[in-house]
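This is what each chain is made of:
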Protein chains: 2
Amino acid sequence: MSTPTAGAPRRATISDVAREAGTGKTSISRYLNGELSVLSPQLRARIEAAIERLDYQPNQMARGLKRGRNRLIGMLVADLTNPYSVEVLQGVEAACHALGYMPLICHAANEVDMERRFVQLLTTYRVEGVIVNALGVSEETLRPVGGGGIPAVLVDRSVEGLVADMVGLDNEGATALATRHLVERGFDQLWFVVQPFAHISSRRQREAAFHQALRQYPQASGRTVVLELDDADELAQTLSALDAELDAAIAAREQRDGALASSAAPRVALFAANGPVALALARHLNQRHGANWQKRVALLSIDDPEWAELAGITTIRQPTYDIGYRAVEFLHERIDGAQASARDCLLPGELIERASTAR
Amino acid sequence: MSTPTAGAPRRATISDVAREAGTGKTSISRYLNGELSVLSPQLRARIEAAIERLDYQPNQMARGLKRGRNRLIGMLVADLTNPYSVEVLQGVEAACHALGYMPLICHAANEVDMERRFVQLLTTYRVEGVIVNALGVSEETLRPVGGGGIPAVLVDRSVEGLVADMVGLDNEGATALATRHLVERGFDQLWFVVQPFAHISSRRQREAAFHQALRQYPQASGRTVVLELDDADELAQTLSALDAELDAAIAAREQRDGALASSAAPRVALFAANGPVALALARHLNQRHGANWQKRVALLSIDDPEWAELAGITTIRQPTYDIGYRAVEFLHERIDGAQASARDCLLPGELIERASTAR
DNA sequence: TTGTATGCGTTATCAT
DNA sequence: ATGATAACGCATACAA
């Protein structure tokens, strides 16, 4: 059994190559930067050979130091556990590839100090720009970014006090679309379930848009339920309470409509503000009532994770890939010096109808 | 509306701080590196003030260049879409934090040339080590890593011809555990479903271990089904065929056991080699037969994604967090110069029993 | 066409 | 205790 590498044996530098090729460093540098027209064929050949022999690879750190830009951009992700983030990431990566950037992916894992630590780190590495899917807790921690600092574009969430471009879902349109769908399907009690707002703008926007949209439908009533996903005890408690209220609502309806109404019982619909909320709801209901829970209550969610099809959940699918792609394009313009005032790019969602909201 | 930053206004350097504090760069450097004992209180105060005033932050690129190490390690992930990867990643991040490393996350998205491009990039950035969840297609693309190149540790999969440490699931143990569970539950036809092996060692290992384990149970028979997830048409076709065979198997059993056996019909179990396969199977079966599919056939999967509980799937949960954490620890030892021969670290899986394998 | 010299922002060596 | 000065690996203005 052979032994893997330990201390690296010092890599070849540009000077080594120059010596090996019997020339100066300048020519090597020229070769590396594709200034081929100014190199005699012989020299060029010697350089090529030397590079090959020494397995030379230019040191990007040194390069970046010298030229003042390193083609690095930071991608600060709040929660990679959320499929939404991964999908956005794929758009980001594609755009970076196309535009010649290298994204440094930083995963805050929903921890505020992680976020702080990462923006700190990204600035000390002199990234040329940052794409931020922020925790949004405080503009404080994002100080070095946006506004007077390095160019930034926000994804999904804007953060108060931070002036920067932003791209995300058209929350108002998406929510209206979903609400309308539920009402048209005959649900007249709509419960909007959302995580604690914290400072997360998209949650607030969706909730506001929900109540706004509801005003168009006098036949339906709505309420907001806040669900804390990160605390198992509190979550279980809230879900139990919710379940009890559901029982009451169903009982009330049955009583009002008479016995024959039981077949038309499920008139309340749960509207999950995002995928994680929907998963928590579905898990709870499923555990409590088995696969039959869908007969008790409807469920619709913003975000369209892979399992939604399996569980037959109606969703609003976000244009995640495009969101990521556009974000990088925005950032690219800023890095190139665009000075326009902060722009918002709101992309439309798409309704995916499934069994969970059928009659 | 204010306008975001464009071209950065050149950050302060160590020289700027020195001038501002009326001293030399050396003292600033000393201050930054915590050599506080050799600084007079007055100078120290002046430096502190200057740094504050100029909002100075040391340039890590330059630092790394000078000291020859940058505390960067690469984390090459084959597929972030797989929850397994994200979970491993969390262990990696925690360990990096603890050991003072900064992980550069690179997402190959199952593309071979992406993988090649990233190892190239990581070496030119002179990362001190790499954790690789490889596509495994060819040792060729990983040449600069492991063996004679920069220290590397493999995760989940080893790649032929590449000598390096490796940490992952104890595939043999986990598969045996699962097989035994299925047999004990009374299933006597076990179909092991796995993606094309390509060069992915863990798939091969699990399949081999499956047939190996099966030899202990003469009452049960097994076979391997290869499922190509990336080609929708081929996938649909294979799944249909599978479904037909399932019908045949059920019919055969009913005939043999007589009419009364129909209640005890489901004696065939699907053993998914990993989470993505399980999802594909569940989606198909659910779409074809509705929620009742669980009455037709059992399902067990290695990997325990979030939706498994919702769908009631029995799984083998991998110690993902530990896998990531251990990987970084291994790497750390190599970076520090450990010369031992390549080690393997195989961690045990845990059986999570759910409805999908009940009688 | 090719090479020399200087500097990017830091740290390390050596004086003072 | 403090400060010049020389590298680190590379790119570029300038000279040849």
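For clarity, every value in this text was computed on a predicted model and none was experimentally measured.

## Comments concerning the relation of the copies chain A and chain B
Superposition of the two copies of the chain requires a rotation about an axis and a shift along the axis.
Part 1: Note on the identical chains: chain A maps onto chain B by a rotation of 180° and an axial translation of 0.0 Å, with an RMSD of 0.1 Å. The superposition operator between the copies reduces to a two-fold rotation axis.
Part 2: Comparing contact sets, 100% of the residues at the interface of chain A also lie at the interface in chain B, consistent with an isologous, same-surface contact.

## Notes on the interface of chain A and chain B
Part 1: On the side of chain B, 66 residues touch chain A, which itself brings 66 residues to the contact.
Part 2: Summed over both partners, the interface of chain A with chain B comes to about 6200 Å²; 59% of that surface belongs to carbon and sulfur atoms.
Part 3: Joining chain A to chain B, the criterion identifies two salt bridges.
Part 4: The residue B:E309 makes a salt bridge to A:R283 at a minimum N-O spacing of 2.8 Å.

## Some words on the protein's contact with DNA strand C
Part 1: Neighbouring DNA strand C are 27 residues; A:T23, A:T26, A:S40, A:K66 and B:I14 lie closest to it.
Part 2: Of everything in DNA strand C that lies within 4 Å of the protein, sugar and phosphate atoms constitute 55%.
Part 3: At 2.5 Å from a phosphate oxygen of DNA strand C is found a side-chain nitrogen or oxygen belonging to A:S40.
Part 4: Between DNA strand C and the protein, one listed contact pairs a phosphate oxygen with a side-chain N or O atom of B:R63 at 2.7 Å.
Part 5: A total of four residues in the surface near DNA strand C trace back to one element, the largest contributor, which is helix α2 (residues 25-32) of chain B.
Part 6: Residue composition of the surface near DNA strand C, grouped by class: eight nonpolar, twelve polar and seven charged.

## A word on the environment of A:Q195
All names here are of chain A.
Part 1: Position of Q195 relative to the elements: it lies in the loop between β6 (189-194) and α8 (201-214).
Part 2: Looking at Q195, the relative accessible area reads 11%, which means it is buried.
Part 3: In sequence terms Q195 and M102 are 93 residues apart; their C-alpha atoms lie 33 Å from each other.
Part 4: Within the structure, the side chain of Q195 is placed 3.4 Å from the side chain of R203, a separation counted as a polar contact.
Part 5: A distance of 3.0 Å separates polar atoms of two side chains, one belonging to Q195 and the other to N274.

## Considering the sheet that holds strand β10 (residues 314-317) of chain B
Residues and elements named next belong to chain B.
Part 1: Pairing within the open sheet is mixed, and its six strands lie in the order β7-β6-β8-β9-β10-β12. The open sheet is flanked by β7 (221-226) and β12 (350-352), the only strands paired with a single partner. The sheet shows a mean angle of 20° between the axes of neighbouring strands, direction not considered.
Part 2: Looking at chain direction, strand β9 (residues 298-302) and β10 are connected through three bridges and run parallel. The residue bridging L300 from the neighbouring strand is T314, located in β10.
Part 3: In the packing of helix α8 (residues 201-214) onto the sheet, contacts are made with β6 (189-194), β7, β8 (268-272) and β9, and the angle to β7 comes to roughly 165°.

## Considerations on the nonpolar core
Side chains of nonpolar character tend, in soluble globular proteins, to be buried together.
Part 1: Of all hydrophobic cores here, the largest spans 56 residues; its most connected members are A:L227, A:L270, A:L281, B:L227, B:L270 and B:L281.
Part 2: Discounting residues that sit within four places of it in the chain, B:L227 has contacts with B:V193, B:V194, B:Q195, B:P196, B:L235, B:T238, B:L239, B:V277, B:A280 and B:L281.
Part 3: Residues A:L89, A:V92, A:A327 and A:L331 belong to the second largest nonpolar core, which totals 50 residues.

## Some points on the protein's contact with DNA strand D
Part 1: What surrounds DNA strand D is a group of 25 residues, the closest being A:I14, A:Y56, B:T23, B:T26 and B:R30.
Part 2: Near the protein, within 4 Å, the atoms of DNA strand D are sugar or phosphate in 54% of cases.
Part 3: Contacts to DNA strand D include B:K66, whose side-chain N or O atom sits 2.7 Å from a base nitrogen.
Part 4: Those elements that provide at least two residues to the surface near DNA strand D are α2 (25-32) and α4 (60-67) of chain A together with α2 and α4 (60-67) of chain B.

Cut-offs applied
- All residue numbers refer to position in the chain's written sequence, counted from 1.
- Chains and ligands are labelled by the order in which they are written, letters from A for the one and numbers from 1 for the other.
- The predicted nature of this model means local features are confined to residues of pLDDT at least 70 and side-chain atom pairs, given and counted, to a pLDDT of 80 or more, with totals for whole chains, interfaces and linings taken over all residues.
- In computing side-chain values, all of the structure's heavy atoms are included and hydrogens and water are not.
- Least-squares superposition of the copies uses the C-alpha atoms of those residues scoring a pLDDT of at least 70 in each of them.
- We call two residues contacting when some pair of their heavy atoms lies within 4.5 Å.
- What gets called buried area is simply the loss in accessible area from a 1.4 Å probe that two parts show on being joined, summed for both.
- Throughout this description, the term salt bridge denotes a Lys or Arg side-chain nitrogen within 4 Å of a carboxyl oxygen of Asp or Glu.
- If even one non-hydrogen atom of a residue comes within 4 Å of a molecule or strand, that residue is called near it.
- Whenever a nitrogen or oxygen atom comes within 3.5 Å of another N or O atom, the pair is scored as a polar contact, on the condition that within protein one atom can donate a hydrogen and the other can accept it, and that pairs from neighbouring residues in sequence are kept only if both atoms are in side chains.
- Secondary structure elements are defined from DSSP: runs of H or I of at least 4 residues count as helices, runs of E of at least 2 residues count as strands, and each element is numbered from the N terminus.
- Ten residue types, Ala, Val, Leu, Ile, Met, Phe, Trp, Tyr, Cys and Pro, are classed as nonpolar, four, Asp, Glu, Lys and Arg, as charged, and the remainder, Gly among them, as polar.
- Think of it in three bands: with a 1.4 Å probe and only protein chains considered, a residue is buried below 20% of the maximum accessible area for its type, exposed above 50%, and partly exposed in between.
- Note on pairing: two strands pair once DSSP finds at least 2 bridges between them.
- Angles run from 0 to 180 degrees between N-to-C directions of axes, and those axes are lines fitted to C-alpha atoms, restricted for helices to the stretch in contact.
- Take the buried residues of types Ala, Val, Leu, Ile, Met, Phe, Trp, Tyr and Cys, join any two whose side-chain atoms come within 4.5 Å, and each joined set is a nonpolar core.

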